[in-house]
Amino acid sequence: MTHTSLHPDTPARVTSQRADAMADRLEQGARALAAFATSLTDAEWTARTPHDGRTVGVIVHHVASVYPVEIQLAQTVAGGKPVTGVTMADIDAMNAQHAAEHAAVTRQAALELLRANSAAAVAAIRTLSDEQLAKAAPVSLYGDAPLTCQFVLEDHAVRHSYHHLARLRRAVRP
């Protein structure tokens, strides 16, 4: 697919249909999470979720706040470099620290961050070529299995809003 630029000094670029499709799916998931968050009552926004005890609002903010990290990991793999030093324990610690620091997050702040960071993630994904999406490198979060950039994107940035949205729906509206 070729996208043409409206600016005469910017050349047309060939974009990956796979990257476009993944970006579209991320965008749809972020919009669905935003719509759900907007529909919540104040009591639902501050409700604690089963298992980890984070509030609904903290989880919405969490999804928004990790898009840049998830994109950075995928870009590392797209560049053929391994992702090292990232473990599930690191993720758990990061999530706990985030929950403590953003315990009183407002709906407006979370939604603004969700919109901004999802838009940036979508734009970053759209820049990836098929070759970059197919590039594989060891990823420490998966026991150093050689994984593709596309997998890293799909399992993290693209899936993240859908994953949490399903859990949040069950938590506040069973």
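Residues numbered from 1 in each chain as written. Predicted model: local features only at pLDDT ≥ 70, side-chain atom pairs only at ≥ 80, totals over all residues. Heavy atoms only, no water.

Observations concerning the packing of helix α3 (residues 56-78) against helix α7 (residues 149-172)
Here comes step 1: Running from amino to carboxyl end, α3 crosses α7 at an angle of 170°, the nearest separation of the two axes being 8 Å. Of the possible angle classes, the one that applies to α3 and α7 is roughly antiparallel.
Here comes step 2: Its residues assigned to classes, the contact of α3 with α7 comprises 17 nonpolar, 5 polar and 1 charged. (Axes fitted to C-alpha atoms, helices over the stretch in contact; angles between N-to-C directions. Helix = DSSP H or I, 4+ residues; strand = E, 2+ residues; numbered from the N terminus. Parallel < 35°, antiparallel > 145°, perpendicular 65-115°, else oblique. Nonpolar A, V, L, I, M, F, W, Y, C, P; charged D, E, K, R; others polar.)

Focus on the nonpolar core
Here comes step 1: One finds Leu26, Val60, Tyr67, Leu114, Ile125, Cys149 and Leu153 to be the most contacted residues of the largest nonpolar core, which totals 47 residues.
Here comes step 2: If you list the elements that add at least two residues to this core, you get α1 (17-39), α3, α5 (107-126), β3 (136-139) and α7.
Here comes step 3: Ranked by residues supplied to this core, first place goes to α3 with 12 residues.
Here comes step 4: Contact partners of leucine 26, with chain neighbours within four places excluded, come to Tyr67, Ser118, Ala121, Val122, Ile125, Ala157 and Val158. (Core = buried A, V, L, I, M, F, W, Y, C linked by side-chain atoms within 4.5 Å. Buried < 20%, exposed > 50% of the residue type's maximum accessible area, 1.4 Å probe, protein only. Contact = heavy atoms within 4.5 Å.)

Observations regarding the packing of aromatic side chains
Here comes step 1: Counted under the stated rule, the structure contains 1 aromatic pair.
Here comes step 2: Taking the centre distance of 5.5 Å and the plane angle of 75° together, the rings of tyrosine 142 and phenylalanine 151 count as edge-to-face. (Phe/Tyr/Trp six-rings, centres within 6.5 Å; stacked < 30°, edge-to-face > 60°.)

Limitation: the analysis is restricted to geometry and does not speak to function.
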